[in-house]
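Chain by chain, the residues run as shown.
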Amino acid sequence: MDIYSTRGACRSLVIIGKRCDRCGRVARASDNDYGMELQEFKTINVDAGYGASAFVDGDFWTTDLCQHCVREVLGDYLRRVSTAEDRSGDPLAHMPTLSDAIRLEIARAVKQELARKTG
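What counts and what doesn't
Residues numbered from 1 in each chain as written. Predicted model: local features only at pLDDT ≥ 70, side-chain atom pairs only at ≥ 80, totals over all residues. Heavy atoms only, no water. Helix = DSSP H or I, 4+ residues; strand = E, 2+ residues; numbered from the N terminus. Buried < 20%, exposed > 50% of the residue type's maximum accessible area, 1.4 Å probe, protein only. Contact = heavy atoms within 4.5 Å. Core = buried A, V, L, I, M, F, W, Y, C linked by side-chain atoms within 4.5 Å. pLDDT = per-residue confidence, 0-100. Salt bridge = Lys/Arg side-chain N within 4 Å of Asp/Glu carboxyl O. Polar contact = N/O pair within 3.5 Å; in protein donor to acceptor, adjacent residues only side chain to side chain. Disulfide = S-S within 2.5 Å. Patch = residues over 30% accessible without salt bridge, like charges linked within 9 Å, V, L, I, M, F, W, Y side chains within 5 Å. Areas by Shrake-Rupley, 256 points an atom, 1.4 Å probe, with all protein chains shown as cover.

We now examine the overall build of the chain. Along the backbone of the chain there are four helices and five strands. Scanning the chain from its N terminus toward the C terminus, one meets helices and strands in the order β-β-β-α-β-β-α-α-α. Put simply, the chain has 119 residues, and 18% of those count as buried. Put simply, 22% of the contacts in the chain that link residues at least 6 apart link residues at least 24 apart.

What follows is the structure, given as structure tokens:
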């Protein structure tokens, strides 16, 4: 759940933190960790379909979870697609739907083209 504050002369609403919908942990941008805990919060949105949906047909659901609850609740079901080292030289590493061979071939072609252009 987003935590808001009003800022500035126009009294605009600004998100300054989040509260975990599962455990209640609060993270704010102003925390001593420079907002790192806040950056690790995950928002999950579910746009329910129609017919065979496990949710109410057509409803929209959302939740905010801290990294600890994501790990605890979903950890057994998450698949590591790439590591930070993998992504450092591969602009397509975030595309888990491509097979590794295709992804690496595309990345190799992109690197060759960039090298050719920069000469």
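Now, onward.
With eight residues, the main nonpolar core is built from C20, A27, L38, F41, L65, C66, C69 and V70. Residue contacts for F41: discarding those within four places in its chain leaves K18, R19, C20, R25, A27, D64, L65 and C66.

Averaged over every residue, the pLDDT of the chain is 78; residues scoring 70 or more account for 75%. Element-level pLDDT for the chain is lowest in helix α3 (residues 84-88), with a mean of 65, against a maximum mean of 94 in helix α2 (residues 67-74).

Right, let's talk about the pattern of salt bridges for a bit. Tallied over the full model, the rule gives three salt bridges. In this structure, K18 and D64 form a salt bridge, with 3.6 Å as the shortest nitrogen-oxygen distance. Taken together, the residues span a long stretch of sequence, with K18 in strand β2 (residues 12-19) and D64 in strand β5 (residues 60-65) at a distance of 46 residues. We note a salt bridge from R22 to E72, for which the minimum N-O separation is 3.1 Å. In this pair, R22 sits in the loop between β2 and β3 (26-28) while E72 sits in helix α2, placing the two residues 50 residues apart along the sequence. Judged by its relative accessible area of 44%, R22 is partly exposed.

What follows covers the side chain of D64. Among the residues examined, D64 registers a relative accessible area of 7% and is labelled buried. Here T43 takes part through its side chain, which lies 2.4 Å from a polar atom of the side chain of D64.

Before going further, it helps to spend a moment on the environment of G17. Tracing the chain through its elements places G17 in strand β2. Residues G17 and Q39, 22 residues apart in the sequence, show an inter-C-alpha distance of 9.5 Å. Each residue touching G17, except ones within four places of it in the same chain, is listed here: M1, D2, I3, A27, R28 and L38.

Here we take up the side chain of E37. Within the element layout of this structure, E37 appears in helix α1 (residues 36-39). Sequence-distant contacts of E37, defined by excluding residues within four places in its chain, comprise R25, A27, Q67 and H68.

With that out of the way, let us pick up the state of the cysteines. Inspection of every chain in the model, using the stated rule, returns zero disulfides. Here C69 is not disulfide-linked; the sulfur of C23 is the nearest cysteine sulfur, at 3.7 Å.

The next thing to look at is a nonpolar patch on the surface. On the surface, I102, I106, V110 and L114 cluster together into a nonpolar patch covering about 320 Å² of accessible area. Secondary-structure assignment places L114 in helix α4 (residues 100-118).

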